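Coordinates in review
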Amino acid sequence: MSRADTVRFRHNQAILVAAIVAFIGALPLASARWWLLWVLLVPLAVAVWAWRAGTDADARELRLRALVGQRRVPWDRIAELAGDARGRAVARLDDGEVVVLPAVRATDLPQLVAVTGQELSGTAGDQ
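What comes next concerns the included structure. (Residues numbered from 1 in each chain as written. Predicted model: local features only at pLDDT ≥ 70, side-chain atom pairs only at ≥ 80, totals over all residues. Heavy atoms only, no water.)

Here we take up helix α1 (residues 14-32). Here α1 spans 28 Å end to end across 19 residues, near enough to the 27 Å set by a 1.5 Å rise per residue. Every buried residue of α1 is listed here: Ala-19, Ala-26 and Ala-30. Looking at the buried side of α1, the elements it contacts are α2 (41-52). (Helix = DSSP H or I, 4+ residues; strand = E, 2+ residues; numbered from the N terminus. Expected span 1.5 Å × (residues − 1). Buried < 20%, exposed > 50% of the residue type's maximum accessible area, 1.4 Å probe, protein only. Contact = heavy atoms within 4.5 Å.)

Our next topic: the sheet that holds strand β4 (residues 70-74). Read across the open sheet, the four strands follow the order β1-β2-β3-β4; overall the sheet is antiparallel. Looking at which strands have only one partner, the edges of the open sheet turn out to be β1 (7-10) and β4. Along the sheet, successive strands turn relative to each other by an average axial angle of 15°, direction set aside. Pairing of β1 with strand β2 (residues 54-57) involves four bridges; the strand directions are antiparallel. Note that in β2 the partner of Arg-10 across the bridge is Gly-54. (Pairing = 2+ DSSP bridges. Axes fitted to C-alpha atoms, helices over the stretch in contact; angles between N-to-C directions.)

Attention shifts here to the side chain of Asp-108. Mapped onto the fold, Asp-108 is located in the loop between β7 (98-105) and α3 (109-114). Apart from residues no more than four positions distant in its own chain, Asp-108 is found in contact with Phe-9 and Ala-103.

Glancing now at the pairing of β2. On a regular strand, one side chain projects to one face of the sheet and the next to the other, so that they alternate. Of the two faces of β2, the one holding Gly-54 and Asp-56 and the one holding Thr-55 and Ala-57 are both buried throughout. Across four bridges, β2 lies against strand β3 (residues 61-65) in antiparallel orientation. Among the inter-strand pairings, Gly-54 is bridged to a residue of β3, identified as Arg-65. Counting the residues in the hairpin turn of β2 and β3 gives three residues.

Spelled out as C-alpha cells, the structure:
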C-alpha cells in the first residue's frame with residue numbers, strides 16, 4: 001500500500017498532546033515510590049493509541065488499526081457503509097458483522113469511498 005494512493009484517518013492529535021502533559025504530570029507521583037512507576041504506563045498507552053489508531057484505505061482494502069494489532073478488510077467483503085447514531089462510520093460486512101471504522105466520521109464517507117474510484121449509490125439523507 002503506497003502512501004500516495006492511501007487515505008488515512010486518525011484521531012485528533014490533541015489527544016497525543018494531552019497524553020504527554022499527563023505523562024509529565026505523573027512523573028512526581030511515579031518517582032515518589034518505585035512501585036508507582038506503573039502510573040506512567042497509562043498516559044504512555046494513550047499516547048501510542050492516539051498516534052497509531054485509525055483507518056487506512058486504498059483501492060484494495062481497509063486497514064483498521066488499534067493500540068495493538070490491525071485488521072484488514074477487502075472492499076469486496078463490505079456490503080454497506082453508513083453512519084451510526086453517534087456520527088461514527090460503520091461498515092456492514094457480507095456476513096452481517098458490523099465494524100466501527102476507527103477515527104472515521106459519517107461525514108468522511110464520501111472521501112473514504114472516493115479512494116476506491118467508485119461512486120456512492122446513496123447518501124444518508126436519502127434513507
